[in-house]
Amino acid sequence: MQTQVQEIKTAALEACSQASTVQELNQARVKYLGKKGELTLILRSMGQLPSEERPLFGKLVNEVRDELEQALKTRELELSAAEEQERLMGESLDITLPGRKVARGTLHPVTQIINETKVIFMEMGYEIVEGPEVEWDYYNFEALNIPPDHPARDMQDTFFITEDLLLRSQTSPVQIHVMEKQEPPIRIVAPGKVYRADSDVTHSPMFHQIEGLVVDKGITFADLKGTLQLFAEKMFGPETKIRLRPSYFPFTEPSAEVDVSCIICKGDGCRVCSDTGWLEILGAGMVDPRVLVKVGYDPAEVTGFAFGVGVERMAMLKYGINDIRLLFENDVRFLEQFTS
Ligand code: PHE
């Protein structure tokens, strides 16, 4: 029976080292050490031995059992580590693969133009301010030298809310708010929404303007012209020229309408500029002394210039857009083209 035990041991150790999976190893464990396993059965049949041989035999079987259990344990560790390794390999990621791009939104072209304008003027030392979109008649008209019944009120088809409350028709009222609060020197730009009852390919009932105001001792028309020239070059490119045409605004004197050379045809004449080579983008002028008096400034002490530029106008020009409504439809196929 001893030889039998030795044979079982050899076979069991062999099965143990041959097992190539944890599952096979468990089968071997059951075969030799299980309830009906070969080693278990031989221990049970010990009764056939003469009683004096039993202790020694029992000891031998127990030693073999211990040895086998140890071998199984060691092999199990080896196999499970190998299996884990294989599983991890199967799951591994190739981190060198290029990632999938996340679709990102872009800033609206109108916002981009406003941001660019702010930067250009901040570099020149201007402050950015904002004013209310629902405005008093006083700020939108009266303080700007447009008294009730003044014909200039007809220039802007205003949305009135009450008799003296309205959706501002221009950003110029911000000039008054700023001058009421601050003493010169003043150097501000004020971007924002304005409203007029007007709608076609080049007009929208809501659009954006950027107001500029400079008031200090000795400000001249030359300062205005130089500032606008610099702005045009930075916004539309170094080749850009500007042209000032005499005009009229109740709150500036003298006043001018300002054109930039057409950025599409560079001044040769094309469809966008109706063959004139020029495109109007803003109104400007020297702050009317009456306006300065209204806010308590002394026109003998300080002078100033102001301008109001149309944001959608600039966007249409800069990007060659021929219908203002495209800017407000928010069609993604349109907006996608302005990835900054
Ligand atoms: N507010 C004027 C407009 O909307 C533009 C302007 C602003 C003109 C400042 C002169 C000075 O037409």
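Our subject is the structure that appears above.
Bear in mind that the values here come from a model prediction, so they are computed numbers and not experimental data. (Residues numbered from 1 in each chain as written. Predicted model: local features only at pLDDT ≥ 70, side-chain atom pairs only at ≥ 80, totals over all residues. Heavy atoms only, no water.)

**Student:** Please explain the overall build of the protein chain as it appears in this structure.
**Tutor:** Per the secondary structure count, the protein chain includes 12 helices and 10 strands. Against the 2.2 N^0.38 benchmark of 20 Å for 340 residues, the protein chain shows a C-alpha radius of gyration of 44 Å, more extended than a compact globule. Along the first, second and third principal axes, the C-alpha atoms of the protein chain reach 135 × 45 × 40 Å. The buried share of the protein chain, reckoned over its 340 residues, is 42%. Pairs at least 24 residues apart make up 66% of the contacts formed inside the protein chain by residues separated by at least 6 positions. If the 36 positive side-chain charges of the protein chain are averaged to one point and the 53 negative ones to another, these points end up 7 Å apart. (Helix = DSSP H or I, 4+ residues; strand = E, 2+ residues; numbered from the N terminus. Rg over C-alpha atoms; globule rule 2.2 N^0.38 Å. Buried < 20%, exposed > 50% of the residue type's maximum accessible area, 1.4 Å probe, protein only. Contact = heavy atoms within 4.5 Å. Lys, Arg positive; Asp, Glu negative; His and termini not counted. Charge placed at Lys NZ, Arg CZ, Asp CG, Glu CD.)

**Student:** Explain the state of the cysteines to me, please; I cannot follow it from the model alone.
**Tutor:** Cysteine pairs can be covalently joined through their sulfur atoms, and such a bond is termed a disulfide. Counted under the stated rule, the structure contains 0 disulfides. In this model C273 remains outside any disulfide bridge; the closest cysteine sulfur is found in C265, 3.7 Å from its own. Given a relative accessible area of 3%, C273 falls into the buried group. (Disulfide = S-S within 2.5 Å.)

**Student:** What is the right way to look at the layout of surface pockets in this model?
**Tutor:** Over the atoms, a rolled probe matching the size of one water molecule traces out where space is still vacant. The volume enclosed by the largest pocket comes to roughly 1,000 Å³. Lining the largest pocket we find 41 residues, and of these H203, E280, I281, G310 and R313 sit closest to its centre. Those elements giving two or more residues to the lining of the largest pocket turn out to be strand 6 (206–216), strand 8 (252–261), strand 9 (278–287), strand 10 (303–310) and helix 10 (311–319). Sorting elements by how many residues they give to the lining of the largest pocket places strand 9 first, with 7 residues. A breakdown of the residues in the lining of the largest pocket according to their chemical character gives 17 nonpolar, 16 polar and 8 charged. (1 Å grid on protein atoms, 1.4 Å probe; cavity = no way out; pocket = protein on both sides within 12 Å on 5 of 7 lines; lining within 4 Å. Points joined across faces, edges and corners; volume = space filled by probe spheres on them. Nonpolar A, V, L, I, M, F, W, Y, C, P; charged D, E, K, R; others polar.)

**Student:** Looking at this structure, how should I read the sheet that holds strand 4 (residues 165–167)?
**Tutor:** One key point about sheets: their strands pair by backbone hydrogen bonds, in either a parallel or an antiparallel sense. Here 3 strands make up an open sheet; going across it, the order is 2-4-3 and the pairing antiparallel. With one partner strand each, in any of the chains shown, strand 2 (134–136) and strand 3 (160–162) form the two edges of the open sheet. This sheet shows a mean twist of 35° between the axes of neighbouring strands, independent of strand direction. The pairing of strand 2 with strand 4 spans 3 bridges and is antiparallel. If you follow E135 over to strand 4, its bridge partner there is L166. (Pairing = 2+ DSSP bridges. Axes fitted to C-alpha atoms, helices over the stretch in contact; angles between N-to-C directions.)

**Student:** For this particular structure, what's the right way to read the site of the ligand?
**Tutor:** With respect to spatial proximity, 15 residues lie near the ligand, and among them Q170, S172, R196, Q209 and G308 are the closest. With respect to the ligand, the side chain of S172 contributes an N or O atom lying 2.9 Å from a nitrogen atom. In isolation the ligand has 330 Å² of accessible area, and contact with the protein removes 92% of it. Cavity membership is defined here by more than half of the atoms lying within 2 Å of grid points; on that basis the ligand lies in the largest pocket. (Near = heavy atom within 4 Å. Polar contact = N/O pair within 3.5 Å; in protein donor to acceptor, adjacent residues only side chain to side chain. Areas by Shrake-Rupley, 256 points an atom, 1.4 Å probe, with all protein chains shown as cover. Sits in = over half its atoms within 2 Å of the grid points.)

**Student:** Mind showing me how you'd approach the pattern of salt bridges here?
**Tutor:** Two side chains that carry opposite charge are able to pair once their charged atoms sit near each other. Here the structure, examined in full by the defined rule, presents 15 salt bridges. When the shortest N-O distance is used, the salt bridge between E123 and K234 registers 3.2 Å. Residue E123 is found in helix 5 (residues 109–123), and its partner K234 is found in helix 8 (residues 221–236); the two are separated by 111 residues along the sequence. Residues D259 and R245 are paired through a salt bridge, measuring 2.8 Å at the closest nitrogen-oxygen approach. With D259 in strand 8 and R245 in strand 7 (residues 242–249), the pair connects residues that are 14 residues apart, well separated along the chain. Sharing partners across several salt bridges, the network here consists of R243, R245, E257, D259 and E280. (Salt bridge = Lys/Arg side-chain N within 4 Å of Asp/Glu carboxyl O.)

**Student:** Got a minute to help me understand the packing of aromatic side chains in this structure?
**Tutor:** In this description, an aromatic ring pair is defined by two values, namely the gap between the centres and the angle between the planes. Evaluated as defined, the whole model comprises 7 aromatic pairs. Ring centres of Y138 and Y139 lie 5.3 Å apart, and the angle between their planes is 90°; on these two criteria the pair is classed as edge-to-face. Y138 gets classed as partly exposed once you look at its relative accessible area, which sits at 30%. One aromatic cluster in this structure is built from F121, Y126, F231 and F307. (Phe/Tyr/Trp six-rings, centres within 6.5 Å; stacked < 30°, edge-to-face > 60°.)

**Student:** Could you clarify how one ought to interpret the pairing of strand 10 in this entry?
**Tutor:** Side-chain positions along a regular strand alternate between the two faces of the sheet. When you tally the buried positions in strand 10, you get 7 out of 8 residues, the bulk of the element. Taken together, the 8 bridges between strand 6 and strand 10 define a ladder with antiparallel strand orientation. Within strand 10, the position partnered with G212 by the bridge is F307. One ladder, built from 5 bridges, connects strand 9 with strand 10; its direction is antiparallel. Opposite G283, over in strand 10, you have G308 as the bridge partner.

**Student:** Explain the nonpolar core here, please?
**Tutor:** Nonpolar side chains in soluble globular proteins tend to be buried together. Core analysis: the biggest nonpolar cluster contains 43 residues, and F307 and M314 have the highest contact counts within it. Examining the composition of this core, we find that 6 residues originate from one element, helix 8, more than from any other. With residues up to four places along the chain from it excluded, the contact list for M314 reads I113, T117, I210, F231, M235, F236, I281 and V309. Counting residues in hydrophobic clusters, the runner-up holds 26 residues, among them A143, V174, M179 and A306. (Core = buried A, V, L, I, M, F, W, Y, C linked by side-chain atoms within 4.5 Å.)

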